[in-house]
Structure formats: C-alpha cells, structure tokens
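If you want the building blocks of each chain, they are given just below.
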Amino acid sequence: MISLQIRKRDGQLEPLHINELPKKIGKEVRLRGWVHRKRGSGSIIFVVLRDVTGTIQAAIKKDGVDEKSWKAASDTTVESSVMLSGTVKEDKRAPTGYEIEARSFENVHISEPFPITEYQSTELLLDKRHLWLRSIKMINTMKARSFVFRYAREFLDKRGFYEVTPPIITKAGGETGADMFEIDFFGQKAYLTESSQLYAEALEFALEKTYSFVPSFRAENSRTVKHLAEYWHLEPEIPYCTNEQAMKLEERLVSHIALRLAERNADILRALSVDPQSLLKVRPPFERISYEKAIGILNDKGSDLKWGDDFGVEEERMLTEDKEKPIFVHSWPREIKPFYMPINPKDERTVLSADMLAPRGHGEIIGSGVREWRLKELLERMKEVEEKRGIKFNMKNYEWWIDLRRYGSIPHAGFGMGVERVIKWMLNLDHIRDAIPFPRMSNRLEP
Ligand code: 4AD
Ligand code: MG
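Only a predicted model underlies this, so the values are computations on that prediction, with no experimental measurement involved.

Caption draft 1: Quick peek at the packing of aromatic side chains. Under the definition given, this model contains 16 aromatic pairs. An angle of 15° between the planes, with centres 4.8 Å apart, marks the rings of phenylalanine 149 and phenylalanine 213 as stacked. Of this pair, phenylalanine 149 sits in helix 4 (residues 136-158) while phenylalanine 213 is found in strand 10 (residues 210-217), placing the two residues 64 residues apart along the sequence. By relative accessible area, phenylalanine 213 is classed as buried at 2%. Between phenylalanine 339 and phenylalanine 393 the ring centres are 4.9 Å apart and the planes differ by 65°, which places this aromatic pair in the edge-to-face class. Of this pair, phenylalanine 339 sits in the loop between strand 13 (327-333) and strand 14 (350-358) while phenylalanine 393 sits in the loop between helix 11 (375-389) and helix 12 (395-403), and the two are 54 residues apart along the sequence. Pairwise contacts between aromatic rings join Phe339, Tyr340, Phe393, Tyr398 and Trp401 into one cluster.

Below, the structure is given as structure tokens:
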C-alpha cells in the first residue's frame, strides 16, 4: 500500500502524532514517544506508546520485524523514549480502537527503572513531580492550564489591552506588605513582588488599558488547599473605570475562559472527569451581594462572623457551595481592605471594591476595586491604614507610585486574578498544587 505520508531524504517517514492515526488506517506510519506500558510473551511484545496527543498500543511480533528491532523492543523499559514504524489497524478490542502492527522499533534512550509505579503516595508524586508531569492526568491538566493562559490573554488582547512587564524584585509592598519574601539585593533589603498592581498603574498612565501577567509571591504560612507561595497573577488596569464596570469586565473574562474551555477543549475536560456542560453555565451576569448581605447570609447559616471580619475558607464555602457560577461580594469594610482603595462616598464604612468567589467552595479568584487617584485622599487613606492596623509604610518606597497622583492623575480601577485558583475551580481539583507544574508552598520547595 502506498503511504501519502512525506518521506524525508533518508527514506524515513516524517513522524506523526497519535491523534492523526484515525485518518491513516491501513497505512504505514512512523511515531515517536515514550513507553507508557509494556508487556509481552516469547513471540510478541505489546508496547503502549505515549505522545502529547494520547496513547496507542503497538504489537511487535518476532516474525514481523528484523532482529535489531526485536532486540530493541525486548530491551525497552517503561518511560524509554522510542521510535517505531508500522501499519495502523482498526482493532475494536484496543482501548483507543486502533493498534499499530510494528515494522520497526528503536530505542532513542532506554529508561532506568522508573521510580513511579502504580498507587504511589501523594508525597512521592510531589517529590518526583518532574517525572509525574508525564502522567496522563498531569498532561491534561497542564494542557488545560496552557489554554486558560491563552484564553485570558486572547480576551484582553482583543479589547485593546497592552501586556506589560513589571519588575519582580521590588521595594514597595503592593498589598499588606506583611507577607513578602525578603531578599538581599546587593546589600539592600528588597522583596519578591506580592502584586504588580502599582507598576501596572504606572504603565497604565502611558499605555492606558494594560495587564501584567507574571507570578506574585506570598510568604503567608497558610497550609490550605488554595494557597501557593508563588502563583501566576493576571492584573489588568483600566482608565476611567468604575467598580461596576470592573465587575462587568471580570465576569466576561472568566466566562470567556470557561466557555472556550468547554467549547474547544471538551476532550481534555472529559479526560479529567469534568463535565463541559458545567462550564457552559458560566455566563454573565454573576450574582452581586454586598459584604453586609453576605454577613447576614453567613449568620443565618450559623456563622458568628461580624462586621469587619474577613472571610476564611469556611465562609467562602458557605456562600458558594450551592452555586453554579461565581458570585461577587462588594462594598467591603474599609478596615480590612488595602490602602489604595477609596472610601465609598455612598457608604463611608466601605471601600469601592469587589471580590469574585468561585462556586462550590473553591474560594476567592479575583480581588478588584477602584484605585484612590486623588493625592490628598490617598495620603489620608494610607495614614488611616497605618493608624488602624499598626503598620508603618516606608513612604520613600511609595513616592514613585504616589507621583502618579501628582502628574495627570486619572480615575481608574483594576483587578487581580489568581490563575491557579481559576484552574482549581474549573477542573475541580482537590488541591491548588495540581494547577501548577512545580508548586511552591511553605512545605514544598523541590523539585
Ligand atoms: O486579593 P489579592 O491579594 O489582591 C491583590 O493582590 C491586588 N493588588 C490585585 C489587583 O487588584 N491588581 O490577590 C488577588 C488574587 C486573589 O483573588 C487570589 O485569586 C489570588 O490573587 N491569590 C492567590 N492565589 C494562590 N495562592 C495565594 N497565596 C494567593 N493569594 C492571592
Ligand atoms: Mg483578596
């Protein structure tokens, strides 16, 4: 049978990917990948080959290949990198419906005994994360992660935002400043950024609609299923934007990511036991409740939370356990929100802010709000935060940011979305560490 596949100058076939095989039934193909599983008897060896697109079983028969190929197949081990050629056969018994009848087999590299076998402890899988990334579950999760990044950028790029690149090493805290990793910067005290908001604001006054999409670092020693010490933070800034307009943009962004995943990556979702239908429900508008109303709901459910208390994991769960879409909690008390948030003129107990909470207890995925853009009010607000919370801003480190309020200031708003929190929710993961390839947590720094 004549193959339509391109042959290279040396007569070898150009390798295909496993997901291209349904179009090649009866044809000869060449594949390359890793040995996912291997079993065999005296005259036939079965190898399940894995590449980025899937797995397929190849049957290597002693009388169907030359001696060199037979030896290579006999020698191969789990996770060896291999190349093989053969004919694509339809086989109803095979898990994928297809099988390769091998014509040649070659080891690129024979793997040492693979340290991960079936039924390993969570700790071992984290210790061997660099190898566990090859598992079908992690491959699908990392593909979904890549698409979440793509769709988030796609949404903002289409709306005329510029992606900007803030520094990671900084002197000014972007949030409380209390949870920053200190580093020795040539003898000066510096920190890993906890939020790029302040720098995104400076760039906003030049480029208007901007977003930064880099890691943020939090030294909070919270051992919860939703805290990472290093996470990817998407932080848009929007000129002349109100709190309500920011919420509208946030719900559209989150909906865009959910719908795109459901529409374009249903195969990945199903492989991770996620029903694409559940993400198709994530359409605007999202419910909006005030902090005050949320306290009432929580109290009715038995919580003794009172005005001025922040929500913990349990409160977030109570508010969202029966929801199919995220909700907004807005109008937070001025005493628990950051120094850059302006007082709400309609209710001076509160600031112009909103948090987006994911459904089913997955927690806060977005923190957002208007920025205090007036110099006098900003300085007053910073003073208030200092006095009420017993902290001291090193104003020298904030002068450059305060300058923005001195030279052509404009009203503006913005938000920060924790990408791993979004992935955890959309893929219904038990723990945020599985939403990032190499998690950094208070008890995990390696690999
Ligand atoms: O609510 P946060 O602290 O807000 C800010 O940093 C603002 N400066 C953002 C802005 O307006 N530009 O963090 C924003 C989001 C949270 O809603 C959450 O999704 C995520 O960042 N986040 C974390 N994700 C994983 N691990 C942690 N330890 C996180 N802390 C915050
Ligand atoms: Mg927050």
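This is not the end of the story, as more comes after the structure.
Caption draft 2: Broad picture of the pairing of strand 16 (residues 412-418). By the criterion of burial, strand 16 is predominantly enclosed, with 7 of the 7 residues buried. Bridge analysis of strand 11 (residues 230-239) against strand 16 gives 5 bridges, and the strand direction is antiparallel. Across the sheet, residue leucine 234 finds its bridge partner in strand 16, namely methionine 417. Where strand 15 (residues 363-371) and strand 16 come together, 6 bridges link them in antiparallel fashion. Looking across to strand 16, one finds that serine 368 is bridged to phenylalanine 415.

Caption draft 3: Main features of unusual backbone geometry. Proline 284 connects to proline 285 through a cis peptide bond whose omega is 0°. Position of proline 285 relative to the elements: it lies in the loop between helix 8 (276-280) and strand 12 (287-290). One non-glycine residue, serine 331, lies in the positive phi region at around 55°. Take serine 331: it is sitting in strand 13. Phi at asparagine 428 is positive, roughly 55°, even though this residue is not glycine.

Caption draft 4: Structural detail: the environment of glycine 54. With respect to the helices and strands, the residue glycine 54 is situated in strand 3 (residues 54-61). Separated by 253 residues in sequence, glycine 54 and tryptophan 307 have C-alpha atoms that sit 52 Å apart. Residue contacts for glycine 54: discarding those within four places in its chain leaves Ile18 and Leu49.

Caption draft 5: Inspection of the sheet that holds strand 9 (residues 188-192) at higher detail. Across the sheet, which stays open at both edges, the 3 strands sit in the order 7-9-8 with antiparallel pairing between neighbours. At either end of the open sheet lies a strand with only one pairing partner, and these are strand 7 (169-170) and strand 8 (182-185).

Caption draft 6: Geometry of the pairing of strand 10. Counted residue by residue, strand 10 has 8 buried out of 8 residues, so it is predominantly covered. Pairing geometry for strand 6 (residues 162-164) and strand 10, over 3 bridges, is parallel. Paired with tyrosine 162 across the strands is threonine 210, a residue of strand 10. Note that strand 10 and strand 11 share 8 bridges and pair antiparallel. Residue pairing in the sheet places serine 216 in a bridge with tyrosine 231 of strand 11.

What counts, and where the lines are drawn
Residues numbered from 1 in each chain as written. Chains lettered and ligands numbered in written order. Predicted model: local features only at pLDDT ≥ 70, side-chain atom pairs only at ≥ 80, totals over all residues. Heavy atoms only, no water. Phe/Tyr/Trp six-rings, centres within 6.5 Å; stacked < 30°, edge-to-face > 60°. Helix = DSSP H or I, 4+ residues; strand = E, 2+ residues; numbered from the N terminus. Buried < 20%, exposed > 50% of the residue type's maximum accessible area, 1.4 Å probe, protein only. Pairing = 2+ DSSP bridges. Contact = heavy atoms within 4.5 Å.

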